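The chain contents come next:
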Amino acid sequence: MDFDDQLRRYFGTDDPAMIAPAALEAGVEKMRVDFGMEKDKGRRFALWSLMYLFGGAPDLDVAFDNEDDRNAARDFMDMMDKAGG
């Protein structure tokens, strides 16, 4: 999954600063639908990560059945917190 491609797919632009509030809400909702239907573990994690970045990720216990996947998501969250701080 290419980040710019995903931005264009879900938000209609590859520039996060240009995402209008309504487009953000609609894009996150579309990601949630795609996440619920996605079977590939890697693609699911990538979608969850993108939803996390835009404030719309489901809780870890809802998103991931596997403890290793939940731990990987926690690691991602920690990395993002450190990068932003």
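Scoring rules and cut-offs
- Residues numbered from 1 in each chain as written.
- Predicted model: local features only at pLDDT ≥ 70, side-chain atom pairs only at ≥ 80, totals over all residues.
- Heavy atoms only, no water.
- Helix = DSSP H or I, 4+ residues; strand = E, 2+ residues; numbered from the N terminus.
- Rg over C-alpha atoms; globule rule 2.2 N^0.38 Å.
- Buried < 20%, exposed > 50% of the residue type's maximum accessible area, 1.4 Å probe, protein only.
- Areas by Shrake-Rupley, 256 points an atom, 1.4 Å probe, with all protein chains shown as cover.
- Lys, Arg positive; Asp, Glu negative; His and termini not counted.
- Charge placed at Lys NZ, Arg CZ, Asp CG, Glu CD.
- Core = buried A, V, L, I, M, F, W, Y, C linked by side-chain atoms within 4.5 Å.
- Contact = heavy atoms within 4.5 Å.
- Salt bridge = Lys/Arg side-chain N within 4 Å of Asp/Glu carboxyl O.

Engineer: So what's going on with the overall build of the chain? Residues and values would help.
Structural biologist: Scanning the chain for helices and strands turns up five helices and zero strands. When the helices and strands of the chain are listed from N to C terminus, the series reads α-α-α-α-α. For 85 residues, the compact-globule estimate of 2.2 N^0.38 gives 12 Å, and the chain sits close to it at 13 Å. By principal-axis analysis of the C-alpha atoms, the chain measures approximately 35 × 35 × 20 Å. With 85 residues in all, the chain has 32% of them scored as buried. Put simply, the chain shows about 5400 Å² of open surface, and 52% of that area lies on carbon and sulfur atoms. The average position of the 11 basic charges and that of the 19 acidic charges among the side chains of the chain differ by 4 Å.

Engineer: How would you sum up the nonpolar core? Please name residues and give values.
Structural biologist: Across soluble globular proteins, nonpolar side chains show a tendency to be buried alongside one another. Ranked by size, the top nonpolar core spans 17 residues in total, and within it Tyr10, Phe11, Met31, Phe35, Trp48, Phe54 and Phe64 carry the most contacts. When residues of this core are traced back to their parent elements, those giving at least two are helix H1 (3–11), helix H2 (21–37), helix H3 (41–53), helix H4 (60–63) and helix H5 (67–84). Residue contributions to this core peak at four residues, all from H3. Not counting chain neighbours up to four residues away, the residues in contact with Phe11 comprise Gln6, Ile19, Ala23, Leu24, Gly27, Val28, Met31 and Phe54.

Engineer: Could you give an account of the pattern of salt bridges, naming the residues involved and the relevant values?
Structural biologist: The full count for this structure, using the stated rule, is nine salt bridges. A salt bridge links Arg43 to Glu38; the shortest N-O distance between them is 3.3 Å. What makes Arg43 partly exposed here is its relative accessible area of 32%. Put simply, Asp5, Arg8 and Asp14 are held in one network by salt bridges that share partners.

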